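Chains, contacts and geometry: an overview
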Amino acid sequence: MDDFLFSEEQLEENNIETEEPEYWHILVVDDEEDIHQVTKLVLAGFTFENKGLRFYDAYSAAEAKEFLKKDIPFSVALVDVVMETNHAGLELIQYIRDEIENHDIRLILRTGQPGEAPEEAIIRDYDINDYKNKTELTAIKIKTLLYSALRAHRDIQIIDRHKHGLEQIINASANFLKCDSVHEFASTILSHVTNVMGIIDTQIYCAAAVNLQSSPAKDFQLLAASGVGPTPQQNTIPDEVKNLFIDAHERKSSLKTSNDYIGYFPTKAGLETMLYVHKGSKLQATEHQLLEFYANNIALAYDNLKLREMVKESQKELSYILGEAVEKRSKETGSHVKRVALYSELLAQLSELNPFQCEIIKLASPLHDIGKISIPDSILNKPGKLTDDEWEIMKTHAEIGYEILKNSSNEILTCGALISYQHHEKWDGSGYPQGLMADDINIVGRITALADVFDALCSDRCYKKAWPLEEALTLIKDQRAKHFDPILVDLLLENLPLFLEIKDRYPD
C-alpha cells in the first residue's frame with residue numbers, strides 16, 4: 001500500500017487497463033446434448049442490463065463440480081435432475097449450497113422425468129430458486145425465467161457490495177479516530193478508498209483536499225494524492241484534477257462522470273473537504289454511492305468535533321440503501337424503511353433501552369426484509385393471495401436475510417441478522433421460522449415485528465390498500481399477547497401521537 005500512497009510515479013492515463021466486456025455466466029448441467037444446444041439457441045442474443053450470456057456446458061454433476069471449483073462468477077445454473085444417477089442433480093444442489101456454501105448462484109432445476117423428483121417435495125427440501133418440467137419450457141418461458149433469476153442475482157450482488165462497503169467505511173472511520181497528524185490522516189484516506197470500492201490499488205487515482213468555504217477556489221490545501229509524497233503540493237496533481245476541485249468549490253456540490261467522482265462536503269466549522277477518485281473503468285452506481293458516503297466520512301473526520309455524528313449518519317444512510325434495494329424491488333417506497341426505523345427506535349426508547357441500543361436498532365431495522373432479495377418477482381409482487389407453495393417460498397426470506405448478514409462482525413449488521421430472522425416470530429409461538437415464544441424472541445425482533453406490521457397496515461401495498469387507522473389499531477389490540485409483545489402494544493397505544501407524527505413526516 002505504501003507504494004500506492006507515496007511512489008514517485010505520476011499517473012498516466014494510458015497505463016490503466018480497461019475491464020474486459022462483462023457477461024452473465026450461465027452453467028448448463030444436462031446429460032443431453034440437445035438440451036445444451038436448444039438452450040443456447042433460444043437464448044442467442046439474450047441480454048440483461050447490456051450484458052450478454054456466456055455458457056458453460058457440463059454433461060454430468062461431476063463435470064459441474066469441476067466448473068464450480070474454478071474462479072468463475074456463475075449467476076445461474078440450469079440443472080437436470082436425472083444424469084449419471086437418478087438424483088445426480090439433487091446431489092449437486094446439496095453440494096453447491098452445503099459443501100461449497102455458494103448461496104449467490106440462482107439454481108433452476110429442470111427435469112424430463114418429473115416422477116423421479118416430485119415438485120412439491122423438491123421445492124420444500126432443496127434450496128432451489130425454481131423447478132420446471134422441460135416439456136413446459138417454451139422459448140418465452142425460458143427467457144422469463146432467466147430474467148427473474150438474473151435480476152435476483154444482481155440484487156444479491158448489490159447488497160453484498162453495499163455490505164462490504166459499509167464494513168469498510170466503519171473500519172476506516174475507526175482508523176480516522178486514531179490519527180494524530182494530517183500526514184497520518186492523509187495516508188488513511190488513500191489506504192481505505194480502495195477497500196471501500198473493493199478494487200486493487202492500481203485501478204484508481206485518488207486525491208483529497210480541504211479549503212475554507214469562504215476562501216478563493218484556488219486556495220485549497222492538498223491533503224493526499226496517489227503517487228506523490230507525504231506532503232503534496234498543488235503542482236503534484238494533474239491540471240484537470242485541480243480544475244475539478246475548483247469547480248466543486250464554486251458549485252458547492254459533488255460532481256460525477258462515468259469514470260470520475262469528486263465529492264464536496266462542507267462542515268459546520270466552515271471547512272470543505274473534497275475527494276477526487278478516477279477509476280480506469282466505468283464507475284458503477286453502487287461505487288458512486290459508497291464514495292459519496294466515504295467522502296462524507298472524511299469531511300467529518302477532518303472536522304474532528306463532528307466525527308461520531310458523521311459515522312452514525314453514514315451507517316444510517318447505508319442501512320437505508322440496503323433496505324430500499326429490497327423495497328424498490330417489491331414496489332414499495334423507501335419511506336417504509338425510514339418509518340420502520342423510526343418506529344423501532346421510538347419503541348426501544350419507550351422500552352427504556354440504553355441510547356446505544358436504540359441507535360443500533362434504528363440503523364439495523366431497515367434490513368428486516370433483506371432476505372426478500374431472493375424471492376421471485378412473481379411471488380413478491382403478486383397482487384392477489386399467495387398459494388400455499390408460494391407462501392412457503394415467501395417465508396424463506398427470514399432465514400435468507402439472516403444468512404446474508406450473520407457472518408459480519410459489525411454490530412449493526414449482526415443486529416440486522418437477528419431482526420431479519422425473528423421479526424416474523426409471534427408472542428404465542430405461532431410465528432416462523434423457529435416458532436419462538438414470548439421472551440425467547442429477542443427484544444429487537446419483537447420491536448421490529450410491531451413496527452413493521454403497524455406500518456404495513458397503515459400503508460398501501462401491491463396486494464391491498466392502507467387500512468383506516470382505527471381498523472389497524474383494532475387488529476393490533478386483538479393481537480396483543482398473540483402476535484405482539486403485550487408491553488410493546490401498550491407503549492404504542494399510550495404514545496400513539498408520537499408514532500402518527502413519524503407517519504405524517506414520511507409519507508409514501
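Reference entry: report on the structure contained in this document. None of the values given here were measured: they were computed from a predicted structure.

A look at the overall build of the protein
Helix and strand counts for the protein come out as 20 helices and ten strands. Expressed as a percentage of its 508 residues, the buried residues of the protein come to 53%. Considering only contacts in the protein between residues 6 or more positions apart, those separated by 24 or more positions represent 64%. Entry remark: accessible area of the protein is about 23,500 Å², with carbon and sulfur atoms responsible for 49%.

Considering the packing of aromatic side chains
Counted under the stated rule, the structure contains twelve aromatic pairs. On the basis of an interplanar angle of 85 degrees and a centroid distance of 5.1 Å, the ring pair of Tyr56 and Phe74 is categorised as edge-to-face. Placement of Tyr56 in strand E2 (residues 52-58) and of Phe74 in strand E3 (residues 74-80) is noted, with a sequence separation of 18 residues between them. Across the pair, Phe74 and Tyr56 agree in class, each one buried. Centre to centre, the rings of Phe220 and Phe245 are 5.2 Å apart; their planes meet at 65 degrees, and the pair counts as edge-to-face. Of this pair, Phe220 sits in the loop between strand E6 (204-212) and strand E7 (221-225) while Phe245 sits in helix H8 (residues 239-251), placing them 25 residues apart in sequence. Taken together, the ring pairs connect Trp24, Phe46, Phe48 and Tyr147 into an aromatic cluster. Lying over the aromatic face of Tyr95, Lys65 brings its terminal NZ or CZ to 4.8 Å of the ring centre.

Side note on the packing of helix H3 (residues 61-69) against helix H4 (residues 88-99)
Where H3 meets H4, the axes come as close as 10 Å, and the angle between the chain directions of the two elements is 20 degrees. One element, H3, and the other, H4, form an angle in the roughly parallel class. Between H3 and H4 lies a crossing of right-handed hand. Side by side, H3 and H4 meet where Ala61, Ala64, Lys65, Leu68 and Lys69 of the first sit next to Ala88, Leu92, Tyr95 and Ile96 of the second. Classifying every residue of the contact of H3 with H4 gives seven nonpolar, no polar and two charged.

Describing the pattern of salt bridges
Applying the stated criterion across every chain, the model contains 26 salt bridges. Asp455 is paired through a salt bridge with Arg339; the nearest N and O atoms lie 2.4 Å apart. Residue Asp455 is located in helix H17 (residues 443-457), and its partner Arg339 is located in helix H11 (residues 334-350); the two are separated by 116 residues in the primary sequence. Judged on exposure class, the residue Asp455 and its partner Arg339 are both buried. The salt bridge involving Lys406 is made with Glu403; its shortest N-O contact spans 3.1 Å. Note on Glu403: relative accessible area 31%, which makes it partly exposed.

Here is what the cut-offs are and how they apply
- Residues numbered from 1 in each chain as written.
- Predicted model: local features only at pLDDT ≥ 70, side-chain atom pairs only at ≥ 80, totals over all residues.
- Heavy atoms only, no water.
- Helix = DSSP H or I, 4+ residues; strand = E, 2+ residues; numbered from the N terminus.
- Buried < 20%, exposed > 50% of the residue type's maximum accessible area, 1.4 Å probe, protein only.
- Contact = heavy atoms within 4.5 Å.
- Areas by Shrake-Rupley, 256 points an atom, 1.4 Å probe, with all protein chains shown as cover.
- Phe/Tyr/Trp six-rings, centres within 6.5 Å; stacked < 30°, edge-to-face > 60°.
- Lys NZ or Arg CZ within 6 Å of the ring centre and 35° of its normal.
- Axes fitted to C-alpha atoms, helices over the stretch in contact; angles between N-to-C directions.
- Parallel < 35°, antiparallel > 145°, perpendicular 65-115°, else oblique.
- Left-handed = near helix turned anticlockwise from the far one by under 90°.
- Nonpolar A, V, L, I, M, F, W, Y, C, P; charged D, E, K, R; others polar.
- Salt bridge = Lys/Arg side-chain N within 4 Å of Asp/Glu carboxyl O.

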